[in-house]
Structures are given as C-alpha cells and as structure tokens.
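Structural features, examined
Spelled out from the first residue to the last, the chains are:
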Amino acid sequence: MSLQLGDTAPDFTAQTTQGTIHFHKWIEGSWCVLFSHPKNFTPVCTTELGYTAKLTSEFDERGVKVIALSCDSLEAHDSWSRDIEETQGYAPDFPLIADHDRKVATLYGMIHPNASDTVTVRSVFVIGPDKKIKLTLNYPASTGRNFDEILRVIDSLQLTSKFQVATPVNWKKGEDVIIVPAVADEAARTRFPGGWKAPKPYLRIVAQPES
Ligand code: BEZ
C-alpha cells in the first residue's frame, strides 16, 4: 500500500552528497521536503534542481530542510551538480541521496512500474516536524514540477497547523483564510475578535492570523 497523508515518513540511512544521513535524526524537528528525480544528467531534472537551489532562502525562512534523491551514484551526483551550477546558475546546496540500490525509492513508492520500471517518477513528500507526511505529489518524468507551488502549500500547512483555519482556492500568504467548520461561531468570536464575513453560515472568511 502506498504512503498516505498522516503516515509516519519511513526512516532510512542513505549516502548523500553531504555524507551519510539517518533520515529521522536529520529531520530533527524541522519541516522537510523529500523529492525524487528520474535520472541524473537529464534536462528537466537539471532545471528543477537548479530552481530548488535558487529557492534556498525561501525554504530556510520557513524552517524547511530539502533533500533530493535519484537512483545514481555519489560520483555522478557530484559531477551533475557542477553541470547544474554551470547551466542554471545555482548548485544544489542540499543533500542529494545516491539511491543506486533503489532502497529509499522503493520504501517511498517512488517507482511506478506501469509508468517506468527503470526510473523513479517525480515524487514529492512534505513531512512535518512530527515526521508525519503532510503532502504527496507524483508527476510523470516528462513534466517538471512547480516549486513555487510547493512553497505555497508549505505556507498553508504551517498556517493551518497553528490556527483553526483552512486556505481557499489559489490562496497565497497574506490573503484571507477560512474558519474551519469544527469551530462553532461562539468559539470563533473568541479566536477571531475582529469578526469575519459569512456569505453563507458555513463559509466564514477572516483575515489571515499572524503567526
Ligand atoms: C528529464 O529530466 O528531462 C527526463 C528524465 C526522464 C525522462 C524524461 C525526461
């Protein structure tokens, strides 16, 4: 059975470009993005890793550790990292897992045999400080992911983990949010003393609480 939201992210030990990582120990109470790449020295992957490296300060601001994986050797990762810097302007400054025996890819269900039995799909796992899986995405090899969207989801996950709110369609940090149905009006008056708009009793829109 595939990993589902709310499951504990499986632990593993792996060789990476930043040394041996014991995953649970490495997470150490941070948020984490773990994502896979089909193969080294491939064009779409090269752009994704370069762009993710460019976003380092955005991930740092949010307290998120980033770790990437592909089923290639450490030597190939080092050589490919130099290509990424040369072509994208940014070298990956986060660890790349050298999963040559596919141990981690198999543990996380990143190989979808009916798509390809030789390479991983483009999987993303957002993992919370409690080591639970908060988001999963699987893209085909031919479609590069949108890492700005991953940051947007992290903003929503971090906000909704602190306050009893949900974020509406296309929400971006700073925009109005929604009071979750589990909070009755009476409790909402205490939590949101500035009030809210309610075009329907079940649709209560409030300014984003400041974290
Ligand atoms: C790519 O990263 O460009 C790629 C990798 C595997 C299959 C197709 C494209």
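Presented here is a report on the structure given in the accompanying data block. Bear in mind the structure is a predicted one, so any value in this text is a computation, not a measurement. (Residues numbered from 1 in each chain as written. Predicted model: local features only at pLDDT ≥ 70, side-chain atom pairs only at ≥ 80, totals over all residues. Heavy atoms only, no water.)

Turning next to the environment of Phe-94. Following the sequence through the fold, Phe-94 ends up in the loop between α4 (74–88) and β5 (96–98). Residues Phe-94 and Leu-49, 45 residues apart in the sequence, show an inter-C-alpha distance of 9.7 Å. When near neighbours in sequence (up to four residues on either side) are disregarded, Phe-94 contacts Thr-17, Gln-18, Phe-35, Leu-49, Thr-52, Ala-53, Val-66 and Ala-68. (Helix = DSSP H or I, 4+ residues; strand = E, 2+ residues; numbered from the N terminus. Contact = heavy atoms within 4.5 Å.)

With that settled, the discussion passes to the pairing of strand β4 (residues 64–70). Most of β4 sits inside the fold, with 6 of its 7 residues counted as buried. Across 6 bridges, strand β3 (residues 31–36) lies against β4 in parallel orientation. Residue pairing for β4: Leu-34 is matched across the bridge by Ile-67. Sheet topology note: the β4/β5 ladder contains 3 bridges and is parallel. Residue pairing in the sheet places Ala-68 in a bridge with Leu-96 of β5. (Buried < 20%, exposed > 50% of the residue type's maximum accessible area, 1.4 Å probe, protein only. Pairing = 2+ DSSP bridges.)

Next up on the list: the nonpolar core. Ranked by size, the top nonpolar core spans 24 residues in total, and within it Val-33, Phe-35, Leu-49, Phe-59, Phe-94, Val-126 and Ile-154 carry the most contacts. Going through the elements one at a time, β3, α2 (43–54), β4, α4, β6 (122–127) and α6 (147–162) are the ones with two or more residues in this core. Counting residues per element, this core draws most heavily on α6, at 6 residues. What Phe-59 contacts, discounting residues up to four positions off in sequence, is Val-33, Thr-52, Val-64, Val-66, Leu-151 and Ile-154. Judged by nonpolar contacts, the second largest core, of 21 residues, contains Ala-9, Phe-12, Ile-67 and Ile-133. (Core = buried A, V, L, I, M, F, W, Y, C linked by side-chain atoms within 4.5 Å.)

Glancing now at the state of the cysteines. Simply put, the disulfide is a covalent bond whose two ends are the sulfur atoms of two cysteines. Counting across every chain of the model gives 0 disulfides. Its sulfur unpaired, Cys-45 is 11 Å from the next cysteine sulfur, which belongs to Cys-71. For Cys-45, a relative accessible area of 0% corresponds to the buried category. (Disulfide = S-S within 2.5 Å.)

Taking strand neighbours across the sheet as the criterion, the 4 strands line up as β8-β9-β11-β10 in an open arrangement whose pairing is antiparallel. Because the sheet does not close on itself, it has two edges, and the strands there are β8 (165–166) and β10 (197–200). Where β10 lies against strand β11 (residues 203–206), 2 bridges are found, and the strand directions are antiparallel. Paired with Lys-197 across the bridge in β11 is Ile-205.

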